[in-house]
Amino acid sequence: MYASVYCTVPNQDKAEAVVDDLKDAGFSSNDISVLMQDRRGTRDFATEHNTKAPEGATTGGVIGMGAGAGLGWLVGIGTLAIPGLGPFIAAGPIMAALGGAAVGGATGGIVGALIGMGIPEVEAKHYDERIREGNALITVHTEDMVERDRARAIFERHGATDIATGTGAGLGSAGRGTTGANLQNGPRY
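These lines cover the structure that appears in this document, whether it is placed above or below. (Residues numbered from 1 in each chain as written. Predicted model: local features only at pLDDT ≥ 70, side-chain atom pairs only at ≥ 80, totals over all residues. Heavy atoms only, no water.)

## Thoughts on the environment of Thr-8
This is how the line gets drawn: In this description a helix means any DSSP run of H or I spanning at least four residues, a strand means any run of E spanning at least two, and both kinds are numbered starting from the N terminus. Note on contacts: a residue pair qualifies if any of its non-hydrogen atoms lie within 4.5 Å across the two residues. Between N or O atoms, a polar contact is any pair within 3.5 Å; within protein, one atom must be a potential hydrogen donor and the other a potential acceptor, and residues adjacent in sequence are included only when both atoms are from side chains.
By the secondary structure assignment, Thr-8 is in strand E1 (residues 3-9). Sequence separation between Thr-8 and Ala-160 is 152 residues, and the spatial gap between their C-alpha atoms is 5.7 Å. In this structure Thr-8 touches Tyr-127, Arg-130, Asn-135, Ala-136, Leu-137, Ala-160, Thr-161 and Asp-162, once residues within four positions along its chain are discounted. Among the polar contacts listed, one links the side chain of Thr-8 to the side chain of Arg-130, at a separation of 3.4 Å.

## Things to note about the pattern of salt bridges
Going by this rule: Should a side-chain nitrogen of Lys or Arg be within 4 Å of a carboxyl oxygen of Asp or Glu, the pair is scored as a salt bridge. The classification of residues rests on relative accessible area computed with a 1.4 Å probe and restricted to protein chains. Under 20% of the type maximum is buried, over 50% is exposed, and intermediate values are partly exposed.
Per the counting criterion, the structure on display carries 7 salt bridges. Here Asp-162 ties to Arg-130 by a salt bridge, and the two come within 2.6 Å at their closest N and O atoms. With a gap of 32 residues between them, Asp-162 in strand E7 (residues 161-166) and Arg-130 in helix H7 (residues 121-132) connect regions that are remote in the sequence. Per residue, the accessibility class of Asp-162 equals that of Arg-130, and both read buried. Connected through shared salt-bridge partners, Arg-130, Glu-133 and Asp-162 make up one network.

## Focus: the nonpolar core
Quick reminder of the rule: Here, nonpolar core means buried Ala, Val, Leu, Ile, Met, Phe, Trp, Tyr and Cys residues that are tied together by side-chain atoms lying within 4.5 Å of each other.
The biggest cluster of nonpolar side chains holds 24 residues, and the ones touching the most others in it are Val-9, Leu-22, Ile-32, Val-34, Leu-71, Ile-138 and Phe-155. Within the residue set of this core, elements represented by two or more residues are E1, helix H1 (12-24), strand E2 (32-37), strand E5 (86-91), strand E6 (136-142) and helix H8 (145-157). Element by element, the count of residues in this core is highest for H1, at 4 residues. Contact partners of Phe-155, with chain neighbours within four places excluded, come to Val-5, Tyr-6, Cys-7, Val-18, Leu-22, Ile-138, Val-140, Ala-160 and Ile-163. Counting 21 residues, the second-largest nonpolar core is a separate cluster that includes Leu-35, Ala-90, Ile-94 and Ala-124.

Shown next, in the form of structure tokens:
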């Protein structure tokens, strides 16, 4: 059964370390998604006096060496601007979801993209909040239960929070959702 393992980490450096370990463990770049705010881009925009703002507000630009270079092997990595939210770094299946209809949908933005990836709305809103706080969301999609366990172990080894496994993120009551997922170090609904 196709499912995912999700987690959040506090910053880009930690996200890159987790992704490096996932790569070393043999996970495909097609099965890993990363989403985080592009804080470097925000600082650069504030200090750069001759920027090309209209060009920076598009979806899918390729990331330069400074922002996300350690994530560069992931499929579809790029930067995008979500109206009202600012610049983000995204890679993997989530990049396609954000670049597609989810951004303009009724739910909109990050929440819409996460719901489109199969994460229940309550969990999607939680992850959206964590991303807005500056955390990075990392997901690994796989049909193999052993691979899910390996991904979870990598997340735990790096001190990731909000770890969940299942077809959804599973933030249900007492940390368990209808998918049987288990969220660690996050809110208990």
